[in-house]
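Breakdown of the fold
In case you want the letters, here they are:
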Amino acid sequence: SQQGEEDPQALSIQEGENATMNCSYKTSINNLQWYRQNSGRGLVHLILIRSNEREKHSGRLRVTLDTSKKSSSLLITASRAADTASYFCATHSGGSNYKLTFGKGTLLTVNP
Amino acid sequence: EPEVTQTPSHQVTQMGQEVILRCVPISNHLYFYWYRQILGQKVEFLVSFYNNEISEKSEIFDDQFSVERPDGSNFTLKIRSTKLEDSAMYFCASSPGQAGNQPQHFGDGTRLSIL
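These notes cover the structure that comes with them. (Residues numbered from 1 in each chain as written. Chains lettered and ligands numbered in written order. Predicted model: local features only at pLDDT ≥ 70, side-chain atom pairs only at ≥ 80, totals over all residues. Heavy atoms only, no water.)

Our next topic: the overall build of chain B. When helices and strands are tallied, chain B shows 0 helices and 11 strands. Reading chain B from its N terminus to its C terminus gives the helix and strand order β-β-β-β-β-β-β-β-β-β-β. The C-alpha radius of gyration of chain B comes to 13 Å, within 12% of the 13 Å expected for a compact globule of 115 residues. In terms of principal-axis extent, the alpha carbons of chain B reach across some 40 × 30 × 30 Å. By residue count, 48% of the 115 residues in chain B fall in the buried class. In chain B, 54% of the contacts between residues at least 6 apart in sequence involve partners at least 24 apart. (Helix = DSSP H or I, 4+ residues; strand = E, 2+ residues; numbered from the N terminus. Rg over C-alpha atoms; globule rule 2.2 N^0.38 Å. Buried < 20%, exposed > 50% of the residue type's maximum accessible area, 1.4 Å probe, protein only. Contact = heavy atoms within 4.5 Å.)

Encoded structure:
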């Protein structure tokens, strides 16, 4: 299995609804990050949650981390059409490791 | 807000040719990265660069790849003797600190098409 796997692979909702995306990983982590990618563009950092944190908020975003289950969730509240994008979780395993390991992403479509 | 810039946005190259992808990281950042994303697949780490040397590389980053920071602003990825399977989006990223403590800032990528 891959480190950082998101589900669902695709999610379609109506504007104003909440969107929840999940991420599971296999190995221990130092932190987990969520990124957004609009079609044809680069990745934009959304939020970073450290392994000793359980929940973090940023505007309409809420991220939870459960290290015992090796999982994280990203909740977007009151979604907007502009939230339409792919969302990726990325893990950093710590130590002298420099890289981020990305999942395959969730494609979120918010219909007006 | 400062951003990472990449050129060109699209590069078409014949198989076997050399290609250089260019990036200008954010000016006060110290860590630099290259990732690639084959169409429809996940973003994959290639290499990280700190203090003028490679700090980590993946198994993808074999002898056909090299990176360089030729001056104080540019960060380049060179692919020698390109193969069809090198076709992908290549993203440059930078961070002020190590990945473990800081988010990475990505450019919009270079789409590399090998014919």
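Counting residues at the interface gives 26 residues for chain A, matched by 22 residues for chain B. Between chain A and chain B lies a buried interface of about 1,900 Å² when both sides are counted; carbon and sulfur atoms form 53% of it. Taken as a group, A:Leu43, A:Tyr98 and A:Phe102 account for 36% of the area that chain A buries against chain B, more than any other trio of residues on that side. Summed over the shared surface of chain A and chain B, the result is 1 salt bridge. A:Arg41 is paired through a salt bridge with B:Asp108; the nearest N and O atoms lie 2.9 Å apart. On inspection of chain A and its partner chain B, the count reaches 6 residue pairs in polar contact (both at pLDDT 80 or more). Of all elements in the fold, only strand S4 (31-37), strand S5 (43-50) and strand S9 (85-92) of chain A reach the threshold of two or more residues within the side of chain A that touches chain B. (Buried area = accessible area lost by both parts, 1.4 Å probe. Salt bridge = Lys/Arg side-chain N within 4 Å of Asp/Glu carboxyl O. Polar contact = N/O pair within 3.5 Å; in protein donor to acceptor, adjacent residues only side chain to side chain.)

Our focus in this paragraph is the state of the cysteines. Applying the stated criterion across every chain, the model contains 2 disulfides over all chains. Through a disulfide, A:Cys23 is tied to A:Cys89; the S-S separation comes to 2.0 Å. Around the S-S axis, the bridge from A:Cys23 to A:Cys89 shows a dihedral of about 65 degrees and counts as right-handed. Remark: A:Cys89 occurs in strand S9 and A:Cys23 occurs in strand S3 (residues 19-24); sequence separation between them is 66 residues. Each member of the pair, A:Cys23 as well as A:Cys89, carries the same accessibility label: buried. Two residues, B:Cys23 and B:Cys92, share a disulfide whose sulfurs are 2.0 Å apart. Disulfide B:Cys23-B:Cys92: torsion about the S-S bond near -65 degrees, hence left-handed. (Disulfide = S-S within 2.5 Å.)

Moving on, we come to the sheet that holds strand S8 (residues 75-79) of chain B. Residues and elements named next belong to chain B. Here we have 4 strands laid out as an open sheet, ordered S1-S3-S8-S7, and antiparallel in their pairing. Taken across any chain shown, the strands that pair with only one partner, and hence form the sheet edges, are strand S1 (5-7) and strand S7 (65-68). Averaged over all pairs of adjacent strands, the angle between their axes in this sheet comes to 20 degrees, without regard to strand direction. The pairing of strand S3 (residues 19-24) with S8 spans 5 bridges and is classified as antiparallel. Looking at S8, one finds that valine 19 is bridged to isoleucine 79. (Pairing = 2+ DSSP bridges. Axes fitted to C-alpha atoms, helices over the stretch in contact; angles between N-to-C directions.)

Here the focus is the packing of aromatic side chains. Residues and elements named next belong to chain A. Within this structure, the stated rule accounts for 13 aromatic pairs over all chains. Measuring from centroid to centroid gives 6.5 Å for phenylalanine 88 and phenylalanine 102, while their planes differ by 80 degrees, and the two rings are edge-to-face. Residue phenylalanine 88 is located in strand S9, and its partner phenylalanine 102 is located in strand S10 (residues 101-102); the two are separated by 14 residues in the primary sequence. Accessibility classification places phenylalanine 88 together with phenylalanine 102 in one group, the buried group. (Phe/Tyr/Trp six-rings, centres within 6.5 Å; stacked < 30°, edge-to-face > 60°.)

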